[in-house]
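# Geometric and topological summary
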Amino acid sequence: MGLSIFVITVFLGGAFAVPALVGPFYQTNDYYTYEEIGDYLDGLAWSYSNRVVLKEIGVSYENRTLRTITISNGDGRPGKNVIFIDAGFHAREWLAHTTALNIINELVVNYDKNKDLLDDYEWIILPLVNPDGYTYSRSDIERIDWRKNRKPSGNGCIGTDLNRNFEVGWGAGDASDDPCNFQLYRGEAPFTEPESQTIQRVLLELTANNRGKLYLSIHSYGAEILYPWSYAKETIKNYKEHLEIAEKAIQAISKTSRPSKYVARPGNAMYVAGGSSMDYAYKVGFPLSFVWELPGIRGNEEFKFYPPKYLIRELVRETWVGVRAMAKNVIKYYPTS
Ligand SMILES: *[C@@H]1O[C@H](CO)[C@@H](O)[C@H](O)[C@H]1NC(C)=O
Ligand SMILES: [Zn+2]
């Protein structure tokens, strides 16, 4: 706070305008800390107060705030449908948070190019689901592979896999009941974690008033767009709609200069995994629900969870092309009445 007072517009390659907030600023060429993400959001709320609202929706186990940014076109019309995006369930998936920040940047700063996405819809974005895990994974190179949150889980171990802690199919398939499991501990019961409880509450609010239409959870890696179910080898009713919308995103990406090779398929295609937020969002009433697994490879370079900084900009731009196409179709399929 207090730092983000002056806004300078910087043109990069002539095509991409980002605000350089004096103090912390966002240029999509680095991974931001929890504090820098907070400063970036504060800066946007300060600079674009007519179109941006920040909301504290909860706190993590270590008392970091979970904040959403609600982006509108500022016309004040109530009751618009909502696209909800979250990122960073898994601590080490640093590209996910960065991608969410770039989506925010496109909608807020590059509003003139993207305002068609805001005529009849609001976007609510939670760019950092798991700030404790993320901060831990950044604190030492030995910790970079951390995935879970940081709440003590039992037997002297720490952390729950937040994407196994939701209640649909909780414990099924690829989930662990061992608190010391480094990756997949599901928690003692569904919704034992402050971070998953917070998301549950927001999703229920958005479906109670029938506004939530797209739930999109950004992860890495795999270059896949997944849709329900994840917890069982069953087919959902509107799987064709999911497949079509995911394929529109993939087509748009395929026309970019160095496209990633994406596939769209149900979350259960490789293995089943219960307790995911994607299944939960769908179950409680989001008609469209996806996990977006960002690419782990670029050209010949396989970076998996650890994209080098020099690739960030082209990766986030590619994803925006896909997310934009996805959103266009969501708005077409589920118009605000
Ligand atoms: C979080 O804040 C509460 C209330 O101030 C405090 O009781 C608790 O110990 C804090 N938790 C951690 C992990 O620091
Ligand atoms: Zn993940």
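Please refer to the structure higher up on the page.
Below or above, wherever it landed, is the structure these notes cover. What you are looking at is a predicted structure, and each value in this text was computed from that prediction instead of being measured.

## Considering the overall build of the chain
Counting secondary structure elements, the chain contains eight helices and 14 strands. Taken against the 2.2 N^0.38 rule, which gives 20 Å for 337 residues, the C-alpha radius of gyration of the chain at 19 Å falls within 12% of a compact globule. Principal-axis analysis of the C-alpha atoms places the extent of the chain at approximately 50 × 45 × 45 Å. Looking at the chain as a whole, 58% of its 337 residues are labelled buried. Nonlocal contacts in the chain, meaning residues at least 24 apart in sequence, comprise 74% of its contacts between residues at least 6 apart. Per element, the accessible surface of the chain, about 13,700 Å² overall, is 51% carbon and sulfur.

## Overview of the packing of aromatic side chains
What characterises a pair of aromatic rings is the spacing of the ring centres plus the angle enclosed by the ring planes. Under the defined criterion, the tally for this structure stands at 16 aromatic pairs. Ring plane angle 65° and centroid distance 5.5 Å describe the contact between tyrosine 31 and tryptophan 94, whose orientation is recorded as edge-to-face. Here tryptophan 94 lies in helix H2 (residues 94-108) and tyrosine 31 lies in the loop between strand E2 (16-21) and helix H1 (34-47), a separation of 63 residues in the sequence. Accessibility assignment for this pair places tyrosine 31 and tryptophan 94 in one class, buried. Ring plane angle 80° and centroid distance 5.2 Å describe the contact between tryptophan 229 and tyrosine 282, whose orientation is recorded as edge-to-face. Highlighted residues: tryptophan 229 in the loop between strand E10 (224-227) and helix H6 (239-254) and tyrosine 282 in helix H7 (residues 277-284), separated in sequence by 53 residues. By relative accessible area, which is 15% here, tyrosine 282 ends up buried. Through pairs of rings, three or more aromatic residues link up here, namely Phe89, Phe166, Phe191 and Tyr280.

## A few points about the pattern of salt bridges
Side-chain pairs of opposite charge can arise whenever the charged atoms involved come near each other. For the structure on display, the rule yields 18 salt bridges. Arginine 92 is the partner of aspartate 145 in a salt bridge, and the nearest nitrogen-oxygen pair spans 3.0 Å. Placement of the pair is aspartate 145 in the loop between helix H4 (131-138) and strand E7 (152-154) and arginine 92 in the loop between strand E5 (81-87) and H2, with a sequence separation of 53 residues. Overall, aspartate 145 belongs to the partly exposed group, its relative accessible area being 31%. Owing to a relative accessible area of 6%, arginine 92 belongs among the buried residues under this scheme. In this structure, arginine 324 and aspartate 116 form a salt bridge, with 2.7 Å as the shortest nitrogen-oxygen distance.

## Quick notes on the sheet that holds strand E11 (residues 263-266)
Strand pairing within a sheet occurs via backbone hydrogen bonds; the two strands may be parallel or antiparallel. Spatially, eight strands are ordered E3-E4-E6-E5-E9-E12-E10-E11 in an open sheet, and the strand pairing comes out mixed. Both outer strands of the open sheet, strand E3 (52-59) and E11, are each paired with one neighbouring strand and no more. The mean angle between the axes of side-by-side strands here comes to 20°, regardless of whether they run parallel or antiparallel. The pairing of E10 with E11 spans four bridges and is parallel.

## With respect to the state of the cysteines
If you walk through the whole model with that rule in mind, you get one disulfide. In this model cysteine 157 forms its disulfide with cysteine 180; the gap between the sulfur atoms is 2.0 Å. Handedness of the cysteine 157-cysteine 180 disulfide follows from its S-S torsion of about 95°: it is right-handed. Of the two residues, cysteine 157 sits in strand E8 (residues 157-158) while cysteine 180 sits in the loop between E8 and helix H5 (194-208), which places them 23 residues apart along the sequence. The class of cysteine 180 is partly exposed, set by a relative accessible area of 33%.

## So, the side chain of threonine 336
Inspection of the secondary structure puts threonine 336 in the segment after helix H8 (312-333). Classification of threonine 336 as buried rests on a relative accessible area of 15%. Here asparagine 81 takes part through its backbone nitrogen, which lies 3.0 Å from a polar atom of the side chain of threonine 336. At 2.6 Å, the side chain of threonine 336 forms a polar contact with the backbone oxygen of aspartate 120. Non-local contacts of threonine 336, meaning those with residues more than four positions away in its chain, are made with Arg77, Gly79, Lys80, Asn81, Asp120 and Tyr121.

## A look at the coordination of the zinc ion (ligand 2)
Under perfect tetrahedral coordination by four donors, a metal shows angles of 109.5 degrees; under perfect octahedral coordination by six donors, it shows angles of 90 or 180 degrees. Coordination of the zinc ion (ligand 2) by the protein comes from His90 (ND1), Glu93 (OE), Glu93 (OE) and His219 (ND1), over a distance range of 2.1 to 2.4 Å. Spacing between the donor residues of the zinc ion (ligand 2) along their common chain follows H-x2-E-x125-H. The exposure classification of histidine 90 matches that of glutamate 93, with both residues buried.

## A few points about H7
Burial of H7 is extensive: six of the eight residues sit out of reach of the surface. The complete set of buried residues in H7 reads Ser277, Met278, Asp279, Tyr280, Ala281 and Tyr282. Of the surrounding elements, those touching the buried residues of H7 are H5, strand E9 (212-220), E10, H6 and strand E12 (288-294). In the stretch just after H7, glycine 285 is the one whose phi turns positive, near 130°.

## Quick notes on unusual backbone geometry
Here serine 220 and tyrosine 221 are connected by a cis peptide whose omega angle stands at 5°. Structurally, tyrosine 221 is set in the loop between E9 and E10. In the segment running from proline 228 into tryptophan 229, the intervening peptide bond is cis, with an omega of -5°. In this structure, asparagine 155 takes a positive phi of about 55° despite not being glycine.

What counts and how
- Residues numbered from 1 in each chain as written.
- Chains lettered and ligands numbered in written order.
- Predicted model: local features only at pLDDT ≥ 70, side-chain atom pairs only at ≥ 80, totals over all residues.
- Heavy atoms only, no water.
- Helix = DSSP H or I, 4+ residues; strand = E, 2+ residues; numbered from the N terminus.
- Rg over C-alpha atoms; globule rule 2.2 N^0.38 Å.
- Buried < 20%, exposed > 50% of the residue type's maximum accessible area, 1.4 Å probe, protein only.
- Contact = heavy atoms within 4.5 Å.
- Areas by Shrake-Rupley, 256 points an atom, 1.4 Å probe, with all protein chains shown as cover.
- Phe/Tyr/Trp six-rings, centres within 6.5 Å; stacked < 30°, edge-to-face > 60°.
- Salt bridge = Lys/Arg side-chain N within 4 Å of Asp/Glu carboxyl O.
- Pairing = 2+ DSSP bridges.
- Axes fitted to C-alpha atoms, helices over the stretch in contact; angles between N-to-C directions.
- Disulfide = S-S within 2.5 Å.
- Polar contact = N/O pair within 3.5 Å; in protein donor to acceptor, adjacent residues only side chain to side chain.
- Donors = N, O, S within 2.8 Å, 3.2 Å for Na, K, Ca; no water.

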